[in-house]
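# Observations on chain architecture
Chain residues, written in single-letter form:
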Amino acid sequence: MPEQDVCDLPGIVARWQHDPANLVQILREVQESCGTIPSDALDRLAQLLGVPRVRIESTASFYAFFHAESHGAYEILFSDNIVDRMAGKEALKQYFCERLWLEPRKLSEDGLVYVDDTADIGLADQAPALLVNGYAIPSLDKARLDLVAELIRARKPLADWPPMLFEIPDNVRKPGPLMGEAFAPGAALKATLARGADATLAELDAANLRGRGGAGFKTATKWASCRKAEGEAHYVVCNADEGEPGTFKDRVLLASHADLVFEGMTVCARAIGARRGFLYLRGEYRNLHEKLKSVLAARREQGLLGRNILGEDGFDFDIEIHLGAGAYICGEESALIESLEGKPGKPRNRPPFPDRRGYRDQPTVVNNVETFACAAKIAEKGGAWFAALGTPQSAGTKLVSVSGDCKRPGVYEYPFGASVRQILIDCGAEDAHAVQVSGPSGTCISFREFDRRIAFEDLATAGAFMVFSRERDMFEVARNFTHFFAHESCGFCTPCRVGTSLLKNTMDKLAAGKGSAYDMHEMKHIMHILRSMAHCGLGHTAANPVVQTMEKFPDAYERRLKRLDFEPAFDLDGALQTARLITGRDDAWAHLANE
Amino acid sequence: MAKTFILDGKTIPFEEGETIMEAAAAAGVYIPHLCHHPEFKPHGSCKLCTVSIGGRLGAACTNKAAEGMKVESETEALNGDRRALVQMLFVEGNHVCPSCEKSGNCQLQAAAYHLGMLTPHFTHFYPARDVDASHPDVLLERNRCILCELCVRASRDVDGKHVFGIGGRGIRARLIVNAASGRLADTSLSVTDRAAEVCPTGAIVRKRHGFTIPIGKRLYDHHDIAEAPVAGMERPGRD
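Next up on the list: the overall build of chain B. Secondary structure assignment for chain B yields 5 helices and 10 strands. Taken against the 2.2 N^0.38 rule, which gives 18 Å for 239 residues, the C-alpha radius of gyration of chain B at 18 Å falls within 12% of a compact globule. Reported as C-alpha extents along the three principal axes, the dimensions of chain B are approximately 55 × 40 × 35 Å. Here chain B holds 239 residues, and the buried ones make up 48% of them. The contacts in chain B between residues at least 6 apart in sequence include a share of 64% that link residues at least 24 apart.

Right, dumping it as structure tokens:
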């Protein structure tokens, strides 16, 4: 697979209708078929698409999975969530690099292989994990890495690698109405057509379904407002950019319940009058792409997509899959739409919200994968059935992605209102000390709060549930998350662009044993700026892990402080390093005396 | 009767569709800003103009004025946060005012004066950034770029040339130009373009004009930025 074909740029551009709005998809195909996006390809694409080069370069340089320099025939990216680290990722990566005589972030001398880290790839239940040329390999250990190293040395094309390396079990530990009940494709659509669009919205309203992406906006309100909004066309977008570290329930929904998700999108199309829909699938889920395309093809065969769906005159709707390219921020709905339009994923100024002005500035519903799955269930079984599950403010069930220090990591489906303690018992986390609920942007809770409940009125969550036992260092957890946010900040607004990096640098300063109480105070100050002035949710929540762990686990910080007043970040001796290299000296006199 | 809203206790008239920033400027009230320019589409990235809108914080340049809305801008807390943003911009780039030909006409420097910034406060990043002197008439000094995208907007929306863009992301975001070589000389930029003179800092400057007005006799040497928000422009008045 990684043969460096001559890039068929005209062919790729034609496949995407010569439409600059499809630029991210075009670049992704160029990257995949050529292994890089070279500078002259940018010029050629500018010509073929009739847009300025600077626009192509802007997009090409924004996404982490695009690069101009060669990463060899095999690009290996280790998932770098804290859960991967807890499962031994750092040592395994080093082992792997030594086996292949490699340095991370440096192409091997024979131009064959390149190793680096990447943000969480949605396999926290099977950590540590990696991507090879975009395809996920879970549950790494030395034996599996030995095999990978051998295959690379033998220069075996990826397509010929043993399939068992790429097998990813669903790990559904506790199924409920969403994951545990059989669903006959078409059932929800038939009910919708029989009931009519108005009555379907009424059922959704009665169900009290709220968005599963974490924010909890009422779905019926969003759909109704989009339906009312005037425009040349309406669009349905499914947000499958499941990038929050520790979350993987959408991976399982898409791998094994894709019909339910696509049917929910089609029900939405009927309700709002849309003819086109998109599934925005994170690039890390590349391995699901072919399968999802075949599910879409099967649905077209069955008359569940395409023209005159289920024989209903004028009910036309189809779904395209767009893949992401390594940008967490594209999980923010307006950044996702920017990405669908071929631009860097930077959140828009809002209002207007997508329900009025979304894709191509037209009314657009953007919902999470799980929300569409729930909507299909509600269309099939009615609103009252759904509303009876969970709590009065949080109807239905919630898929929870459990990982970290527990015996049975995987997906658990609970009616809303389940306590953290219950989940910990079910997953076999006997020594739990802390849980990160809803990922780095969510809430860190300590053992004192295990009676809190998963619900919009208590612990709102997009689904991540990372468990930390007593021996884990909560400072390192927070430090890993600050690195994540600094890497994923889109760079649009001042507070987040600069603030996330300042936070990261300060946490590194503490880790290096150079921290003082002043730094703790500074981090609170930066948190305040981020919360009050950042452009979007990423910035608003980026300091949460630091501030919450500081509050709940102060020991983890205090034992790292060198002094209680102030310690400079500037390393005077380090500043002499360039001079030492130039003069070739490294004797004691070439160093400042350390205190 | 014109519609009005309240800004720091003062009644501000506005026309339907105007932003808080536009209405305030028309009424002669200054709200600190860097990426905003009255001639260009609002951007909302520098966040200096963050105000409290009925208790909720938002950018004055992108939020529309509404009848009866209560807006707070000149509070100690907001100005303190704005000062921190300016400090962030200073440590993010390499801003050396004493040796910069824009000194005295620079809006970043002027905003820092206005907000009472005395030190950079945060740890400097000292990034390695490219200087591009290839163009015969225009210098591109990326060390002084604050990523406000005014040149991007001016070139795209006024000059119709797309000379500038933003590449990369996060702290690595940088100003890029429309040429395979990456050199300004290989773009279609002309010194008479709007994009060549809209930069609020010294990142894009005309060559050979650096000191036609000596330091000490420049706009912000004598005026607070609140009195003269844009160099060379009269405040738009309204009767």
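This part covers the overall build of chain A. A count of helices and strands for chain A gives 25 helices and 16 strands. The globule rule puts the C-alpha radius of gyration for 595 residues at 25 Å, and the 25 Å found for chain A is close to it. By its C-alpha atoms, chain A is 85 × 60 × 45 Å across when sized along the principal axes. Burial analysis of chain A (595 residues in total) assigns 54% to the buried set. Taking contacts inside chain A between residues at least 6 apart in sequence as the whole, the part at least 24 apart equals 72%.

All names here are of chain B. Domain annotation for chain B reports domain 1 (3–74) and domain 2 (81–222). In this structure, domain 1 and domain 2 have C-alpha centres spaced 25 Å apart. Taken together, the contact between domain 1 and domain 2 spans 11 residues of the former and 16 residues of the latter. Here the side of domain 1 that touches domain 2 is composed, by residue class, of 6 nonpolar, 3 polar and 2 charged.

Attention now moves to helix 18 (residues 420–427) of chain A. Residues and elements named next belong to chain A. Buried residues of helix 18: V420, I423, L424 and C427, and no others. Axial view of helix 18: buried residues confined to an arc of 100°, hence all on one face. Next to the buried residues of helix 18 lie strand 10 (397–404), strand 11 (410–415), strand 12 (432–437), strand 13 (443–446) and strand 14 (464–469).

With that settled, the discussion passes to the sheet that holds strand 6 (residues 235–240) of chain A. All names here are of chain A. Strand order in the open sheet formed by 4 strands is 8-7-6-9, and the pairing between neighbours is parallel. Of all strands in the sheet, those with a lone pairing partner are strand 8 (318–323) and strand 9 (364–368), marking the two edges. Taken pair by pair, the neighbouring strands of this sheet meet at an average axis angle of 20°, ignoring direction. Taken together, the 6 bridges between strand 7 (residues 276–281) and strand 8 define a ladder with parallel strand orientation. By the bridge assignment, Y280 is partnered in strand 8 with H322.

Right, let's talk about the domain arrangement of chain A for a bit. How big an interface is tends to be stated in terms of the accessible area lost upon association of its parts. Residue and element names in this part refer to chain A. Segmentation of chain A into domains returns domain 1 (9–60), domain 2 (74–169), domain 3 (181–382), domain 4 (397–472) and domain 5 (475–563). Across the contact, 9 residues belong to domain 1 and 8 residues belong to domain 3. Elements represented by at least two residues in the side of domain 1 that touches domain 3 include exactly helix 2 (23–34) and helix 4 (53–60). Per element, the largest residue contribution to the side of domain 1 that touches domain 3 is 4 residues, and it comes from helix 2.

In this section: the nonpolar core. Residue and element names in this part refer to chain A. Core analysis: the largest hydrophobic core is formed by 245 residues, its most contacted members being V237, C238, V261, C268, A375 and V467. Counting residues per element, this core draws most heavily on helix 13 (residues 258–272), which supplies 10 residues. Residues contacting V467, with those up to four places away along its chain left out, are V402, G404, D405, C406, L424, A429, A432 and V435.

Before going further, it helps to spend a moment on helix 21 (residues 517–533) of chain A. Its 17 residues place the ends of helix 21 of chain A 25 Å apart at the C-alpha level, agreeing with the 24 Å of an ideal helix rising 1.5 Å per residue. Every buried residue of helix 21 of chain A is accounted for by D519, M520, M523, I526, M527, I529, L530 and M533 of chain A.

It is worth spelling out the pairing of strand 12 of chain A at this point. All names here are of chain A. By the criterion of burial, strand 12 is predominantly enclosed, with 5 of the 6 residues buried. Judged from the 5 bridges that link them, strand 12 and strand 14 form a sheet pairing that is antiparallel. Counterpart to A432 in the pairing with strand 14 is S469. When strand 12 meets strand 13, the two strands line up antiparallel, connected through 4 bridges. Bridging across to strand 13, A434 finds its partner in S446. Hairpin remark: strand 12 followed by strand 13, antiparallel, with 5 residues in the connecting loop; positive phi at S438, about 70°.

All names here are of chain A. In contact at an axis separation of 8 Å, helix 19 (residues 474–488) and helix 23 (residues 544–552) are set at 165° when each is read in the N-to-C sense. The angle between helix 19 and helix 23 falls in the class roughly antiparallel. At the point where helix 19 passes helix 23, the crossing takes the left-handed sense. Here M474, F475, V477, A478, F481 and T482 of helix 19 lie close against helix 23, whose contacting residues are P545, V546 and T549. Its residues assigned to classes, the contact of helix 19 with helix 23 comprises 7 nonpolar, 2 polar and no charged.

This part covers the sheet that holds strand 3 (residues 130–132) of chain A. Residue and element names in this part refer to chain A. Spatially, 4 strands are ordered 2-1-3-4 in an open sheet, and the strand pairing comes out mixed. A single partner strand is all that each edge strand has here, and the edge strands are strand 2 (113–118) and strand 4 (135–137). Sheet twist, expressed as the average angle between the axes of neighbouring strands with direction ignored, equals 25°. When strand 3 meets strand 4, the two strands line up antiparallel, connected through 3 bridges. Across the sheet, residue L130 finds its bridge partner in strand 4, namely I137.

On the chain A side, the residues contacting the 29 residues of chain B number 32 residues. Listing elements by their share of the side of chain B that touches chain A, those giving two or more residues are helix 2 (76–92), strand 8 (164–167) and strand 9 (174–177) of chain B. Here the side of chain B that touches chain A takes 6 residues from helix 2 of chain B, the largest share from any one element. Its residues assigned to classes, the side of chain B that touches chain A shows 14 nonpolar, 11 polar and 4 charged.

Cut-offs and rules
Residues numbered from 1 in each chain as written. Chains lettered and ligands numbered in written order. Predicted model: local features only at pLDDT ≥ 70, side-chain atom pairs only at ≥ 80, totals over all residues. Helix = DSSP H or I, 4+ residues; strand = E, 2+ residues; numbered from the N terminus. Rg over C-alpha atoms; globule rule 2.2 N^0.38 Å. Buried ≥ 20, exposed ≤ 12 C-beta atoms within 10 Å, placed from the backbone. Contact = placed C-beta atoms within 7 Å. Domains from an automatic or database assignment. Nonpolar A, V, L, I, M, F, W, Y, C, P; charged D, E, K, R; others polar. Arc of directions from axis to C-beta. Pairing = 2+ DSSP bridges. Axes fitted to C-alpha atoms, helices over the stretch in contact; angles between N-to-C directions. Core = buried A, V, L, I, M, F, W, Y, C linked by C-beta atoms within 7 Å. Expected span 1.5 Å × (residues − 1). Parallel < 35°, antiparallel > 145°, perpendicular 65-115°, else oblique. Left-handed = near helix turned anticlockwise from the far one by under 90°.

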